[in-house]
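The chain contents come next:
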Amino acid sequence: MKKPVRLSNSGMNRYMGCGRSYQFHYIDKWRSHIKSSALFFGSAVDVACNYMLENFDKRNEPYFRDEAFSLFQKTWTSQFDKDSNTLIELRCSPNIKYFKSDFDLEVLNAEDLEELGLSSPEDVKSYLDSRKLMEAELKANGGRWDLISIEDRVEHNEITWFCLLRKGYYMIDAYWKEILPEFESILCLQRPIELEDENKNVVNGIAEFVAKIKDGRICIVDNKTAGTPYEPESVSTSQQLALYKQIMNIQATEGGEWTTPIECAAYAVMSKKINKDKVKTCQSCGYIADSSHKTCNAKVDGKRCDGEWTVVTSLSASTQFIVDNISEDFGNTVLENASTIVACIEKGIFPKNFSKCHDDYGSTCQFLHLCHKGDKSNLYKVEAPNGEKK
């Protein structure tokens, strides 16, 4: 007798993108030795945000934000990877692949640059030149990060790790300042949800949190870190939020553990693209520039000052709190899609979608070589708790 299917939102996304990718990941249990930075960085930011939400009533305490920073740094330093059953030291791991948007030397402070050996302009130029060569090599080999030398991977990853460390601080600070004030109270946090069909198949997930927002509505919210802004309609068309809202509202009407109807949904987005506001102040007269003049253009005793500028860059992260309604029809459509996918999985239908072998950002499917050539050299099988291959 076949085991019942357990389908998450991530599983739905993977199946609809490529059925064979779903089979490789969820059925055959193949995993890539190379992991995405988004997984680990998102987890570290989530730990800090969850602390702030769990201790929402203490958000104005003087220690509150520093504790969130500390938890983020600790989690961004090392994380346990349950698939490989190893503790990964993130700072210098060669097996993490970062996005181009993760890298930004301008967010590093003087101490960071000195520790990384980038304290002089010549050091920075030399490093940027070597980074261009690495990116060219990566493009030439089809995006295979594992084919870059371990020495180069460690060097580039350590520097990008520092960039995301600093970005994380600004993002968490912005969440505290701009996102938390959107809520009146937090009703639940990291709530598991499940919907079972007559064949014991389960659609499941974890709702990030439910909050009562400023206008009094009960809102299901998901935190997101992003390299680019979310579109205004991202909530109303979100499969994830529709799925969770629909399941929780079914539970509320059918006497389940959750009893409060969800009225709306939201994304709380923290941007990884850090704002850099440069403020120029005259060294002679203290005038703050409001133009692009190379020297101070203020008038002092009827004459142009011409003093030199002191330039200070103020860094900050942007946020979006996008609230919208999700129609019941859309929620039902998402559940119908889930049922269709479950039926296909039960029948062993896993179609290949060759348009997903490469994405719009130049990344390659982790199963490309397995799928096309039977090459498993960059993959491993997840082990069951007893040490056998799952």
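Refer to the structure printed above.
Since the model is a prediction, treat every value here as computed from it, not as a measurement. (Residues numbered from 1 in each chain as written. Predicted model: local features only at pLDDT ≥ 70, side-chain atom pairs only at ≥ 80, totals over all residues. Heavy atoms only, no water.)

### A short note on the overall build of the protein chain
Going by this rule: Elements are defined by DSSP. Helices are runs of H or I of four residues or more, strands are runs of E of two residues or more, and each kind is numbered from the N terminus. For the exposure calls, accessible area comes from a 1.4 Å probe over protein chains only, and a residue counts as buried if that area is under 20% of its type's maximum, exposed if over 50%, partly exposed in between. Positive: Lys, Arg. Negative: Asp, Glu. His and the chain ends are not part of the count. One atom stands in for each charge, and that atom is NZ of Lys, CZ of Arg, CG of Asp or CD of Glu.
A count of helical and extended segments in the protein chain gives 10 helices and 14 strands. Judged by the C-alpha coordinates and their principal axes, the protein chain covers about 90 × 55 × 35 Å. Sorting the 390 residues of the protein chain into buried and exposed places 43% on the buried side. Between the averaged position of the 49 positive side-chain charges in the protein chain and that of its 58 negative side-chain charges there is a distance of 4 Å.

### Here we look at the pairing of strand β10 (residues 264-282)
Note the following rule: Any two strands are treated as partners once DSSP identifies two or more bridges connecting them.
Relative to β10, strand β9 (residues 218-226) runs parallel, the two sharing eight bridges. Opposite Thr225, over in β10, you have Met270 as the bridge partner. In the sheet, β10 pairs with strand β13 (residues 309-324) via 15 bridges, with the strands oriented antiparallel. Each bridged residue has a counterpart across the sheet, and for Lys276 the counterpart in β13 is Leu315.

### Quick notes on unusual backbone geometry
Leaving glycine out, the prevailing phi sign among residues is negative, and the prevailing peptide bond configuration is trans. In this structure, Gln190 takes a positive phi of about 50° despite not being glycine. With respect to the secondary-structure elements, Gln190 resides in strand β7 (residues 183-196). Overall, the relative accessible area of 34% leaves Gln190 in the partly exposed class. The phi dihedral of Asp301 falls on the positive side, at around 55°, and the residue is not glycine.

### Considerations on the pattern of salt bridges
Worth spelling out the cut-off: By salt bridge we mean one thing: a side-chain nitrogen of Lys or Arg within 4 Å of a carboxyl oxygen of Asp or Glu.
Tallied over the full model, the rule gives 19 salt bridges. The salt bridge involving Arg65 is made with Asp173; its shortest N-O contact spans 2.2 Å. One end of the pair, Arg65, is in helix α4 (residues 64-77); the other, Asp173, is in helix α7 (residues 150-179), and 108 residues separate them in sequence. Its relative accessible area of 14% is what places Asp173 among the buried residues. Close ionic contact of Arg166 with Asp112 constitutes a salt bridge, the shortest N to O distance being 2.6 Å. Pair noted here: Arg166 is in helix α7 and Asp112 is in helix α5 (residues 110-115), with a separation of 54 residues, a long-range link. Classification of Arg166 by relative accessible area gives buried; the value is 18%.

### Some words on helix α8 (residues 239-253)
For clarity, the threshold we go by: Multiplying 1.5 Å by the helix residue count minus one yields the expected span of that helix.
The end-to-end C-alpha separation of α8 is 21 Å, in line with the 21 Å expected for 15 residues at 1.5 Å each. The buried count for α8 comes to 13 of 15 residues, which makes it a mostly enclosed element.

### Here's the deal with the packing of helix α1 (residues 9-17) against helix α2 (residues 19-27)
Threshold: A fitted line through C-alpha atoms represents every axis, and for helices the fit uses only the stretch in contact; the resulting angles, taken between N-to-C directions, go from 0 to 180 degrees. Roughly parallel means an angle under 35 degrees; roughly antiparallel, over 145; roughly perpendicular, 65 to 115; everything else is oblique. Between two residues, a contact is recorded if the distance between any of their heavy atoms is within 4.5 Å. Nonpolar residues are Ala, Val, Leu, Ile, Met, Phe, Trp, Tyr, Cys and Pro. Charged residues are Asp, Glu, Lys and Arg, and all others, Gly as well, are polar.
Look at α1 against α2: their axes get within 6 Å of each other, and the N-to-C directions meet at 135°. As far as their axial angle goes, α2 and α1 are oblique. On α2, the residues that touch Ser10, Gly11, Arg14 and Tyr15 of α1 are Gly19, Ser21, Tyr22, His25 and Tyr26. Classifying every residue of the contact of α1 with α2 gives three nonpolar, five polar and one charged.

### A word on the layout of surface pockets
What counts is decided by this rule: As defined here, a cavity is a set of points on a 1 Å grid over the protein atoms alone where a 1.4 Å probe fits but cannot get out. A pocket is an open set with protein on both sides within 12 Å along at least five of seven lines, and residues line them when an atom is within 4 Å of a point. Grid points are joined across faces, edges and corners, and a volume is the space filled by probe spheres set on the points.
Approximately 150 Å³ is the volume found for the second largest pocket. Lining the second largest pocket are Leu195, Glu196, Asp197, Asn201, Val202, Val203, Leu335, Ala338, Ser339 and Val342. For the lining of the second largest pocket, the secondary structure elements donating two or more residues are β7, β8 (202-213) and α9 (328-346). Here the lining of the second largest pocket takes four residues from α9, the largest share from any one element.

### Observations concerning the environment of Lys58
For Lys58, the location among the structural elements is in the loop between α3 (37-54) and α4. With residues near it in sequence (within four places) discarded, Lys58 still touches Tyr63 and Phe64.

### With respect to the pairing of β8
On a regular strand, one side chain projects to one face of the sheet and the next to the other, so that they alternate. A large share of β8 lies buried, amounting to 10 of its 12 residues. Across two bridges, strand β1 (residues 6-7) lies against β8 in parallel orientation. From the neighbouring strand, Leu7 faces β8, where its bridge partner is Val203. What sits between β7 and β8 in their antiparallel hairpin is a turn of five residues, with Lys200 showing a positive phi close to 70°. Taking the residues between adjacent antiparallel strands as the criterion, β8 and β9 are bridged by four residues, where Gly216 takes a positive phi near 95°.

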